[in-house]
Amino acid sequence: MRFLPTDEQSDFARTLRSLLGSADVPVAVRAWAGGGHGPGRAIWARLAGTGLFALAVPEPYDGAGPLPLELALGFVELGRAGVPGPVVETAAASVLLSELGDEGPAKRFLPGLVTGEASATLTLPDGSPYALDADAATYCFTVSRAGELRLADSAAGEPLASLDPARRLSVPSGGGELLAAGPAVAAAARTAGRWARLLTAAQCLGVGEAMLARTVEYAKQRTQFGTPIGSFQAVKHRLADTLLGLEFARPLLWAAALTLTPGDVAAAKLSTGEASYAAARTALQLHGAVGYTEELDLSLWLRKARPLRDAWGTPSACRAEVARSFGRS
């Protein structure tokens, strides 16, 4: 078995990397953290032009999917670039609406989500009660434990403080327009939750790779005793361990994208989240105090590692899911 992306998939990832590399994403992240969504939305529009958001939606709704592997490849690049906003939630909401079919509100909301003209945030019964960037998203969808899908009117109160200033969390207001209810909603919510966990895992991998690349470059430039610190054996070992963690996580992510089973997705989220967090610790240790200063772009990724590790499945929750899937108590 050739367990590698195809040439077409690799070309798509390179296209996204090139697009985001020329988009000055750090400026958009800082603006987003301050409540200025214009630069971030401009990046979203360019991403939508590549067909990225269409990959989560079936063809009957003007999509090109569902293609979880291609979407995961794309979200690695979003994590690598540090793209702000509810990108995972928009894709997961698209999956949720698609799963409900013509009987649900798919035709009403999916066209805008596919083209990037609209964005969405989402809360699910088994996920976090907080909606990401509800103040910036076009739609705020909520699914209750009773199996009710609602379009929330607004978020209750001011966004909560987050380790990552560009991740603005809030509690959706109660009520809102009832869009659908019943067992079909509950089943669709479980599927959407797996997609959200998978794509967050992909983001984690990209974030970890971005921090490792920046740390390697810094280790080549910073000198002690007249010698680049990257030549020191202890530094080499730390960087090698970080690389191994990311590389061992990568095939778990691709396997999860192929199967979409709960256990595989949880394993991918656990491994990529921990590898990304380890990359953050390595980056901070080798950069020293300068690593978390706001003036250094590295800080934008350092602040994402811990929240993404816990988003859509904490390490303990993912371990429990893996244990259940493989029949161990």
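Residues numbered from 1 in each chain as written. Predicted model: local features only at pLDDT ≥ 70, side-chain atom pairs only at ≥ 80, totals over all residues. Heavy atoms only, no water.

**Student:** Help me out: how do you make sense of empty space enclosed by the protein in this one?
**Tutor:** Using a probe with the size of a water molecule, rolled over the atoms, empty space left in the structure can be pinpointed. Considering all chains together, one arrives at one cavity of 30 Å³ or more under this definition. If you go around the largest cavity, you meet 22 residues; those closest to its centre are G85, L132, R167, Q203 and L308. Counting only elements with at least two residues in the lining of the largest cavity, the list comes to α4 (68–81), α5 (87–100), α7 (183–221) and α10 (298–310). Within the lining of the largest cavity, the residues separate by chemical class into twelve nonpolar, five polar and five charged. (1 Å grid on protein atoms, 1.4 Å probe; cavity = no way out; pocket = protein on both sides within 12 Å on 5 of 7 lines; lining within 4 Å. Points joined across faces, edges and corners; volume = space filled by probe spheres on them. Helix = DSSP H or I, 4+ residues; strand = E, 2+ residues; numbered from the N terminus. Nonpolar A, V, L, I, M, F, W, Y, C, P; charged D, E, K, R; others polar.)

**Student:** What am I meant to see in the environment of L252 here?
**Tutor:** As for its placement among the helices and strands, L252 is situated in helix α8 (residues 233–259). In this structure the C-alpha to C-alpha distance between L252 and A201, which are 51 residues apart in sequence, comes to 9.8 Å. In contact with L252, not counting residues within four places along its chain, are D264, A267, A268 and S271. (Contact = heavy atoms within 4.5 Å.)

**Student:** What am I meant to see in the pattern of salt bridges here?
**Tutor:** Opposite charge on two side chains makes pairing possible when the charged atoms of those side chains draw close. Tallying each qualifying case throughout the model produces 19 salt bridges. The salt bridge partner of R80 is E77, with a shortest N-O separation of 3.0 Å. Here R80 pairs with E77, and both are found in helix α4, just three residues apart, close to one helical turn. Side by side, R80 and E77 carry an identical accessibility label, which is buried. Ionic pairing is found between E148 and R150, a salt bridge with its closest N-O pair at 3.4 Å. By relative accessible area, which is 22% here, R150 ends up partly exposed. (Salt bridge = Lys/Arg side-chain N within 4 Å of Asp/Glu carboxyl O. Buried < 20%, exposed > 50% of the residue type's maximum accessible area, 1.4 Å probe, protein only.)

**Student:** Looking at this structure, I do not really get the side chain of Q203. What am I missing?
**Tutor:** Structurally, Q203 can be placed in helix α7. Residue classification places Q203 among the buried residues on the basis of a relative accessible area of 8%. Once residues within four sequence positions are removed from consideration, Q203 is found in contact with F75, G79, V87, V88 and L308.

**Student:** Hey, could you run me through the confidence of the model for the protein in this one?
**Tutor:** Interpreting fine coordinate detail is not advised for predicted regions of low pLDDT. Predicted confidence across the protein gives a mean pLDDT of 92, with 97% of residues reaching 70 or more. Ranking the elements of the protein by mean pLDDT puts strand β5 (residues 155–160) last with 69 and α4 first with 97. (pLDDT = per-residue confidence, 0-100.)

**Student:** What's the story with the packing of aromatic side chains in this structure? I'm lost.
**Tutor:** Working definition: an aromatic ring pair is given by the centre-to-centre distance plus the angle between the planes. Evaluated as defined, the whole model comprises four aromatic pairs. Relative to F53, the ring of W44 lies with its centre 5.2 Å away and its plane at 25°, an arrangement referred to as stacked. Judged on exposure class, the residue W44 and its partner F53 are both buried. Ring geometry for F109 against Y139: centres 4.8 Å apart, planes inclined by 80°, an arrangement best described as edge-to-face. One end of the pair, F109, is in helix α6 (residues 106–115); the other, Y139, is in strand β3 (residues 139–143), with 30 residues separating them in the sequence. Residue classification places F109 among the buried positions, given a relative accessible area of 2%. Seen from the ring of W301, R214 lies directly overhead, with NZ or CZ sitting 4.1 Å from the centre. (Phe/Tyr/Trp six-rings, centres within 6.5 Å; stacked < 30°, edge-to-face > 60°. Lys NZ or Arg CZ within 6 Å of the ring centre and 35° of its normal.)

**Student:** Mind showing me how you'd approach the packing of helix α9 (residues 262–287) against α10 here?
**Tutor:** Helices that pack against each other are described as a pair by the angle of their axes relative to one another and the distance between those axes. Two elements in contact, α9 and α10, have axes separated by 9 Å at closest approach and are oriented at 150°. When the axis of α9 is compared with that of α10, the two are roughly antiparallel. In the crossing of α9 with α10, the sense of the turn from one axis to the other is left-handed. Between α9, through K269, G273, E274, S276, Y277, A280, A283, L284 and H287, and α10, the contact on the second element is made entirely by L298, L302, A305, R306, L308, R309 and D310. Here the residues of the contact of α9 with α10 are counted per class, giving eight nonpolar, three polar and five charged. (Axes fitted to C-alpha atoms, helices over the stretch in contact; angles between N-to-C directions. Parallel < 35°, antiparallel > 145°, perpendicular 65-115°, else oblique. Left-handed = near helix turned anticlockwise from the far one by under 90°.)

**Student:** Mind showing me how you'd approach a nonpolar patch on the surface here?
**Tutor:** There is a patch of nonpolar side chains on the surface, built from Y130, L160 and V171 and spanning about 230 Å² of accessible area. Along the chain, V171 turns up in strand β6 (residues 169–172). For V171, a relative accessible area of 37% puts it in the partly exposed group. (Patch = residues over 30% accessible without salt bridge, like charges linked within 9 Å, V, L, I, M, F, W, Y side chains within 5 Å. Areas by Shrake-Rupley, 256 points an atom, 1.4 Å probe, with all protein chains shown as cover.)

**Student:** Teacher, can you tell me more about the sheet that holds strand β1 (residues 120–123) here?
**Tutor:** Neighbouring strands of a sheet are bound in pairs by backbone hydrogen bonds; such pairs are parallel or else antiparallel. Strand order in the open sheet made by the four strands is β1-β3-β4-β7, with mixed pairing throughout. A strand with exactly one partner marks an edge of an open sheet, and here the two such strands are β1 and β7 (177–181). Averaged over all pairs of adjacent strands, the angle between strand axes in this sheet comes to 20°, irrespective of strand direction. Two elements, strand β4 (residues 148–151) and β7, share four bridges in a ladder whose sense is antiparallel. Along β7, the bridge assignment pairs L151 with E177. (Pairing = 2+ DSSP bridges.)

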